[in-house]
Amino acid sequence: MNRKAAFVVAAGIGIGLVAAWVWPPLAVLTVWPLLVIVPGWAIVAWATRGGARLASTGRLGLAIVLSVAVSAHLVWWLSTAAGGYGREVVFVAAALLAVPIPLAASRRSGAWQVGARDRWRAAVRALRRRPGAFGLALVALGFVGLVLARGLWQVNADGVDVGGSNWSDLGVHLSIAQSVNAGNFPPDVPFFAGEPLVYHWFADFHAAILAEAAGLFAIPVFIVQSALLAGALALVVHGLALTLIRGRLARRAAWVAVFLVVFGGGFGWIRLVGDLGNELGAAWDLLMTHAYDNQWLSDWPYFSIPSVMTTGLLVHRATTVGLPLMAGAVLMAVVGIPSARRRATGFVDRPRLVVAAGIAAALLAPFHFFFFPVVPMLVLGWVVIGRRFGRNVLRLAVLFAAPFLLAVPFALGALGQATSSGWLEPVIGWPTAPLKDGPLAVLFFYVTNLGIPFVLAVAAIALRRTPSRAFLALWIGLLFLIPNVVQVSYVSFDMNKYFQAMWIAVGIAAGALIARWPAPVIALVLALSAISPMLSSVHHAFSQNGLMSADALAAAEWIAVQTPERSVFVTDSWIISPTDPAGRLRLTSFGPYIANLGYDPGPREEQIAEIRCGGDPIRAAEVMADLGATYVFPAGGPGCERPTDFGSSALFEEAYANGSVTIYRLSSAP
């Protein structure tokens, strides 16, 4: 044991953590790697000891996404044990996650240096062996990062603009991350104060952890985190494709699969062609107002299944983490439990990888409740299709299932919320599809929404020569079926997330089919498949949708500095409020978002109407006191027949006034 080397390394880590504590921006270099790469790398190294056949791309992708999952859960459990979340807990977690580094350095004299050199050489060999795969992952990372950096939060003289459909979801994610870092832990729903947050919110929690460590606003962390996870998705898909396909054309097939999963989509672009043909505007002007991938409230043809790029990587933050974590769990299970045919050719069971797969699947729950049950179903399907029966597979099943105890606190709450709300119900056909127009219309809807990759994938699973054909067919069929037989949320559109989970198998199957085609034909297929996601990305990067006025932004800055943490505000039900970037709580938001969490927004909306539009400040004060609210934005404009004059009552005092924004504070209970 080389204790001197271990001490030196541990001292260096300690100095780095102390320096980051004193000067928070340094945490980007010293703390963030411990939260986004080190623990996952250690798990992968442990799980693959003994020569498990896991591609270098898959290893790196798993290292990233496992690190995100492990670090978020560790901070959660430490905070729960400590009775509160804060920067201190984050740094304790970082110190614990750094333990594998000095342990590795403690190997016998000289082994650390030799091991470091060997790992560096192995990394260089991996890059030289698969430059296209690593390069494509880097392109995915850079592309998502640039689109979000350009369009996610554009501050100007008029306030804040956002690109694409982020105007819809950003308030939810921003309020979660900012409020957690402002003392909302364990969190209430920040836009429905007083009720616990039962939601797949851990992507925002992890962003909050990174922001808290470095003293940053959540928005730049969202951008970095989403970009990094887009790269991780590309790497994990590449590793999974190599595992499932194998053979002479596996590399080309895997490369194609990555491109289709990250950049592929359907035929939404035909609406742009139609709009141009009908002379509805210039191409650029149309792109600024339409995504041409996911188009709500449009006429026929309908496009309601967005590509992975459009929502999974640019908008739906839960999916940004959930997709690579789900795929990573399946990858480790597939490698850890080889089929009977593969065992006959020399493959052996890898119990450690099976444990790691179970851990990844269990930790997935609060990151994405929709994907959480998918992993065990796919793993069971792999075992059955691979004819892995007998005593040994029972042992592997126990190893895989045991970590699911970690998911119990999260999964039970989500299941109870879904069942008690009444949104968990069977359906006959996905309600968002044009069911009333008949089966041919539904077929046309799915073919045009899912496009060339889906058609190729169906063709691939119809051919006997397609590698892992039965498993890919199961994956595609199961994930396609779920939205057509059950609904688990108030908004049926949200079930499209299962089509995005299906898209991983679609990309792999399509890649296996066309890998033997001439390169120019493959290029044409990829180009046609990428048109809609690229048009949507332009829309997300350059369109300017007003999110918050300059007065509202100034009010948010005041709220963040001048009001106590966990203060509750009475606001309107618009989709975003100054309380969201300020990290404070409010009583209501957009009704369907609240209903999606399993709560009935109606009674709360009536109480807020009584406060802001009842015309009686005494009654308003009583209702606010009952709800734990201290601040109120007065009502204005149409829809409020008797606006309450808070300034006329001694129960309220004007706390803030600037331009169009006024805020009153409840100074005393009635």
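First, a word on what this report is: a plain description of the structure on this page. (Residues numbered from 1 in each chain as written. Predicted model: local features only at pLDDT ≥ 70, side-chain atom pairs only at ≥ 80, totals over all residues. Heavy atoms only, no water.)

1. Some words on the overall build of the protein
What counts, and what does not: Strands are runs of DSSP state E lasting at least two residues, helices are runs of H or I lasting at least four, and both sets are numbered from the N terminus onward. In this setup the radius of gyration rests on C-alpha atoms only. A globule is expected at 2.2 Å times the number of residues raised to 0.38. Any two residues whose heavy atoms approach within 4.5 Å are treated as being in contact. Residue-level accessible areas treat just the shown protein chains as cover; the underlying method is Shrake-Rupley with a 1.4 Å probe. Positive: Lys, Arg. Negative: Asp, Glu. His and the chain ends are not part of the count. Lys charges are placed at NZ, Arg charges at CZ, Asp charges at CG and Glu charges at CD.
On a plain count of helices and strands, the protein comes out with 31 helices and ten strands. Taking 26 Å as the expected radius of gyration for a compact globule of 670 residues, we find that the protein reaches 26 Å, a close match to that expectation. A principal-axis box enclosing the C-alpha atoms of the protein has dimensions of 85 × 70 × 45 Å. Relative to all contacts within the protein whose residues are 6 or more apart in sequence, the contacts with residues 24 or more apart total 75%. Carbon together with sulfur atoms contributes 64% to the accessible area of the protein, which is approximately 26700 Å² in total. On the protein, the mean spot of the 45 positive side-chain charges and the mean spot of the 34 negative ones are 32 Å from each other.

2. Looking at the sheet that holds strand β2 (residues 159–162)
The criterion, for reference: Pairing between strands is defined by DSSP: at least two bridges between the two strands are required. To get an axis, fit a line to the C-alpha atoms, keeping to the stretch in contact for a helix; angles then go from 0 to 180 degrees between the N-to-C directions.
Reading across from one edge, β1-β2-β5 is the order of the three strands in this open sheet, with antiparallel pairing throughout. In the strand order of this sheet, the two ends are held by β1 (154–156) and β5 (545–549), each with one partner. Taken pair by pair, the neighbouring strands of this sheet meet at an average axis angle of 30 degrees, ignoring direction. Relative to β2, β1 is paired through three bridges, and the arrangement is antiparallel. Its bridge partner lying in β2, N156 is registered against G159.

3. Brief notes about the side chain of N449
Spelled out, the test is: We define a polar contact as two N or O atoms separated by no more than 3.5 Å, with the added condition that, inside protein, one atom must be a possible hydrogen donor and the other a possible acceptor, whereas residues neighbouring each other in sequence contribute only through side-chain atom pairs.
With respect to the element layout, N449 can be found in helix α23 (residues 439–461). Of the polar contacts made by the side chain of N449, one reaches the backbone nitrogen of S304; its length is 2.7 Å. From its side chain, N449 meets the backbone nitrogen of I305 in a polar contact 3.0 Å long.

4. Here's the deal with the pairing of strand β9 (residues 652–658)
Where β9 lies against strand β10 (residues 661–666), six bridges are found, and the strand directions are antiparallel. What sits directly across from A657, in β10, is T662. Here β9 hands over to β10 after two residues, with G659 in that stretch at a positive phi of 60 degrees.

5. Some thoughts on unusual backbone geometry
Going from F185 to P186, the amide bond is cis rather than trans, its omega being -15 degrees. Examined against the element boundaries, P186 turns out to sit in the loop between α10 (166–180) and α11 (202–214).

6. A look at the packing of helix α5 (residues 56–82) against helix α12 (residues 218–245)
Applied cut-off: Oblique is the label for any angle not under 35 degrees, not over 145, and not in the 65 to 115 range, which are roughly parallel, roughly antiparallel and roughly perpendicular in turn. Each helix crossing is assigned a hand: it is left-handed if the near helix lies turned anticlockwise from the far helix by less than a right angle, otherwise right-handed if that turn is clockwise. Under the scheme applied here, ten amino acids are nonpolar (Ala, Val, Leu, Ile, Met, Phe, Trp, Tyr, Cys and Pro), four are charged (Asp, Glu, Lys and Arg), and all others, including Gly, are polar.
As a packed pair, α5 and α12 sit with axes 7 Å apart at the nearest point and diverge in direction by 135 degrees. Classified by the angle their axes make, α5 and α12 are oblique. When you trace α5 past α12, the crossing you get is left-handed. Together, T57, G58, L60, G61, L62, I64, V65 and V68 of α5 and L228, L229, A232, L235, V236, H238 and G239 of α12 make up the contact between the two elements. By residue class, the composition of the contact of α5 with α12 is ten nonpolar, five polar and no charged.

Keep in mind that these numbers describe shape and distance, not what the molecule does.
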